[in-house]
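Structural features, examined
One letter stands for each residue in the lines below.
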Amino acid sequence: MNQSPASLIPLLLYLDSLFTHRQVSGRVLTMSEECSRTVDDLRTLLKSSDGFNSQQRMKFYDSWAETYEQDLQMVNFRAPNLGVDLLNANFSGNREEVQVLDVACGSGLVTKLMVELGFKHFVGVDGSQGMLDQAAKTGLYKELKLALLGTEPLPAQTGTFDVVIIVGALDTGFVPVSVVRELCHAAKPGGFVCISRGDHRGTAGTEYKKDLERVLQLMEEEGLWSPVGLKQTDRYMEDLDLNPEEVQELQQEERYIRGTGYLYKKAIHSNKLSN
């Protein structure tokens, strides 16, 4: 159920208590002390956003942006590595010249990895202004664009980018499956579209993956693109949907969700992209 703006006030106050610099005996906490949140704290924080609509969720990410990367390190978030590793293993072009569209770029985790591999030219898109502000601090993007995917069109001209990459965002409650066609639109003929996502447990996550792979297959049958590679991992990230009691009963490996990376190459000629 979506929440009204008034009902968000208690949550926003709670977020403020988590994300702003607190004081102990009149002393402002250091960054290391401030970022001492536990995995269980993060689990509670994310559950507080259950039921948000897309706009409310972006406000949530605005509030989270400053500690986002540190928190994800704590849960061994490997989504950027999964996608970038898959692309890296299959890309043979001149990396210094290609244009990359980083969709749902967040704070810039994907682009940081790609720069290490020789890629240089990036445009980022995200629905959270707070995340874009963090991405801007990296100095790696030539342009950053605010767009709520699924509600607003992807702000990219057709056939512009050599690489289009989206990491983590294709999931229930976030970016709808329909956006996949927009990713293909943005790629140049012969360009790559790379998707990295978590295979979340539960009915909603399972159904989303089925819908996504149905669309991926349909686009292949339509001649829009061809598959280049598929990469899976058993340790995409720690499962934050588990409650502390469940975690204690599981072996270390069982505490992670799996992840899947998909890599496609856009067809050189196609007359179905407008469908």
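Refer to the structure above for everything that follows.
Remember, predicted model here, so these are calculated numbers, not experimental data.

**So, the overall build of the protein**
- Along the backbone of the protein there are eleven helices and nine strands.
- The buried share among the 275 residues of the protein stands at 44%.
- Pairs at least 24 apart in sequence give 73% of the contacts found in the protein among residues at least 6 apart.
- Surface summary for the protein: the accessible area is close to 13700 Å², and the carbon and sulfur share equals 50%.

**Digging into the sheet that holds strand E4 (residues 121–126)**
- Sheet architecture is open: seven strands sit in the order E5-E4-E3-E6-E7-E9-E8, paired in mixed fashion. Edge positions in the sheet fall to strand E5 (143–146) and strand E8 (225–238), since each of these pairs with one other strand and no more. Taking each pair of neighbouring strands and ignoring which way they run, the sheet shows an average axis angle of 15°.
- Relative to strand E7 (residues 187–199), strand E6 (residues 161–167) is paired through six bridges, and the arrangement is parallel. Opposite Val163, over in E7, you have Phe192 as the bridge partner.

**Points about the packing of helix H9 (residues 179–186) against helix H10 (residues 203–221)**
- Taken N-terminus to C-terminus, the directions of H9 and H10 make an angle of 40°; their axes are 10 Å apart at the nearest point. It follows that H9 is oblique to H10 by the angle criterion. Note that H9 runs across H10; the crossing there is right-handed. Contact with H9, carried on its side by Val180, Arg181 and Cys184, involves Leu212, Leu216, Leu218 and Met219 of H10 and no other residues of that element.
- Here the residues of the contact of H9 with H10 are counted per class, giving six nonpolar, no polar and one charged.

**Observations concerning the pattern of salt bridges**
- Per the stated rule, a full pass over the model turns up twelve salt bridges.
- Residues Asp199 and Arg197 are paired through a salt bridge, measuring 3.5 Å at the closest nitrogen-oxygen approach.
- Overall, the relative accessible area of 17% leaves Asp199 in the buried class.
- Taking relative accessible area as the criterion, Arg197 reaches 1% and is therefore assigned buried.

**Re the pairing of strand E9 (residues 256–266)**
- E9 sits mainly inside the fold: nine of its eleven residues count as buried.
- Across eight bridges, E7 lies against E9 in antiparallel orientation. When the sheet's bridge partners are listed, Gly198 is paired in E9 with Gly259.
- In terms of strand pairing, E8 meets E9 through ten bridges, oriented antiparallel. Across the sheet, the residue bridging to Trp225 is Lys266, located in E9.

**Points about the environment of Pro80**
- For Pro80, the position within the fold is in helix H6 (residues 79–90).
- Since its relative accessible area comes to 4%, Pro80 is described here as buried.
- In this structure, the C-alpha to C-alpha distance between Pro80 and Ile166, residues 86 residues apart in sequence, is 9.0 Å.
- When near neighbours in sequence (up to four residues on either side) are disregarded, Pro80 contacts Leu109, Val110, Leu113 and Val167.

Criteria and cut-off values
Residues numbered from 1 in each chain as written. Predicted model: local features only at pLDDT ≥ 70, side-chain atom pairs only at ≥ 80, totals over all residues. Heavy atoms only, no water. Helix = DSSP H or I, 4+ residues; strand = E, 2+ residues; numbered from the N terminus. Buried < 20%, exposed > 50% of the residue type's maximum accessible area, 1.4 Å probe, protein only. Contact = heavy atoms within 4.5 Å. Areas by Shrake-Rupley, 256 points an atom, 1.4 Å probe, with all protein chains shown as cover. Pairing = 2+ DSSP bridges. Axes fitted to C-alpha atoms, helices over the stretch in contact; angles between N-to-C directions. Parallel < 35°, antiparallel > 145°, perpendicular 65-115°, else oblique. Left-handed = near helix turned anticlockwise from the far one by under 90°. Nonpolar A, V, L, I, M, F, W, Y, C, P; charged D, E, K, R; others polar. Salt bridge = Lys/Arg side-chain N within 4 Å of Asp/Glu carboxyl O.

Just distances and angles here, no functional claims.
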